[in-house]
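A structural walkthrough
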Amino acid sequence: MPEDALPPADYNGLREARPGLPRERYTSDQAFRDDLEKIWYRHWIYACHESDLAQPLQFKVTEIGDQSVILLRDAEGALRAYHNVCRHRGAKLCPQGEGQLKAKALTCPYHSWTYGLDGRLRRVPSRWTPADFQKADFGLYPVALKEWRGLVFINLEGAETHSLDDSFGRYPDALAAWPLEDLRVTRRYSKVMACNWKLFWENFNECLHCPNLHPQLSQVVPIYGRGLINPKDAHDWQKTEASPEPRYQGGLAAGAATWSVEGAAQAVTFPDLSDEDRARGQTYAVSLPSCFVVGHVDYMRIVRLRPLDPTQTLLEAEWLFPEEALARPDFDPTPQVDFAITVLEQDAWACEINQQGLAARPFQQGVLMPEEYYLAEFHDWYRGALGDV
């Protein structure tokens, strides 16, 4: 097909080149502050899997920008979230990251103001209390909290600003056959990437880089080796419409059952998956700006982000398996974990060289090519969240 010929009507890709975001959106302190105030402090942010707070009095501290939040399960089993600050003079209540409370209370390590797990101020150490001081006026600042399929989300601005369901902009119902609520986090991985958080999402939303940077992944998912995500991403997809080969139709390579070093699955797989789910090999749900969830035939992964500054982002990943698999004496998640870490490390490297290149003085703005239609959707979401940039 000539370069200027029109692709078929059901072609997925963009039909014109589109400008990318201005360079300063990835580099400037003001842009980073805008991102925090208008996106990260207003949208629902993935905090943890509920299994991290499985027992009464368990707590976990999570950070979003310069905001710190305490999540806990109270003595009655209810999940709660509060800003991690004492109402006395502003000290952090929980400097440590996670653990088990020794009592049904939160006590400030600075001056010993003590709060019930319902957030109400219970005790102050002052020997005399002024008549105009009312404990009811100095409870902890609550943070909105909701659960989705066993995932705990928080919203610093309040539950009414955005719908949690709406935060799943892509495919939330696709994971219905996976028992996400019942799985256990088995392995974790974290890395500070030297890049702006948006560069990770841009990389996630295209596969033009896959042939160059993901040789292992391209062997397991052959269509990625063509630089495509879906069959109709190719402008001439009709030429190979009748071919059953995964490199044209998507899905796993012949002989592969999951994302792992050799493509082999664990002995325990999810029983309720359809034949299409199994053949596809990977099923995603995406919640901007903080995470995506992916289901495989034998395990699930959650990958989340935390923006640290304009050019640094914390990347965290969790691998979840069913209890039945963990109970087997031959259970070893290393092939699944190592495979995904390889892919994440490759992606992180790509994001970091992208950030480095943005320092070039003549560079003001990139351009999106046809296969980057998901990336264009991300830019549209970003511009809308900020009120256009």
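Scoring rules and cut-offs
Residues numbered from 1 in each chain as written. Predicted model: local features only at pLDDT ≥ 70, side-chain atom pairs only at ≥ 80, totals over all residues. Heavy atoms only, no water. Salt bridge = Lys/Arg side-chain N within 4 Å of Asp/Glu carboxyl O. Helix = DSSP H or I, 4+ residues; strand = E, 2+ residues; numbered from the N terminus. Disulfide = S-S within 2.5 Å. Pairing = 2+ DSSP bridges. Axes fitted to C-alpha atoms, helices over the stretch in contact; angles between N-to-C directions. Expected span 1.5 Å × (residues − 1). Buried < 20%, exposed > 50% of the residue type's maximum accessible area, 1.4 Å probe, protein only.

Counted according to the given criterion, the structure contains 22 salt bridges. In this structure, the salt-bridge partner of Glu 181 is Arg 149, at a minimum N-O distance of 2.7 Å. A residue pair is termed long-range when its members are at least 10 positions apart, and Glu 181 in the loop between strand 12 (168-170) and strand 13 (184-193) and Arg 149 in the loop between strand 10 (144-148) and strand 11 (151-155) qualify at 32 residues. Residues participating in the shared-partner salt-bridge network are Arg 25, Asp 34, Asp 35 and Lys 198.

Glancing now at the state of the cysteines. For the structure on display, the rule yields 1 disulfide. Two residues share a disulfide in this structure: Cys 207 and Cys 210, whose sulfurs sit 2.0 Å from each other. Residues Cys 207 and Cys 210 are joined through a disulfide that is left-handed, its torsion about the S-S bond being -95°. There is no disulfide at Cys 48, and the cysteine sulfur nearest it, in Cys 291, is 12 Å away.

Spatial ordering of the open sheet is given by 7-8-9, a layout of 3 strands whose pairing is antiparallel. At either margin of the open sheet sits one strand with a lone partner, and together these are strand 7 (105-107) and strand 9 (121-123). Taken pair by pair, the neighbouring strands of this sheet meet at an average axis angle of 35°, ignoring direction. In this sheet, strand 8 (residues 114-116) lies alongside strand 7 in antiparallel orientation, the contact comprising 3 bridges. By the bridge assignment, Leu 106 is partnered in strand 8 with Tyr 115.

What follows deals with helix 11 (residues 373-386). The end-to-end C-alpha separation of helix 11 is 20 Å, in line with the 20 Å expected for 14 residues at 1.5 Å each. Among the residues of helix 11, Tyr 373, Tyr 374, Leu 375, Ala 376, Phe 378, His 379, Tyr 382, Arg 383 and Leu 386 are the ones counted as buried. Backbone geometry just after helix 11 places Gly 387 at a positive phi near 85°.

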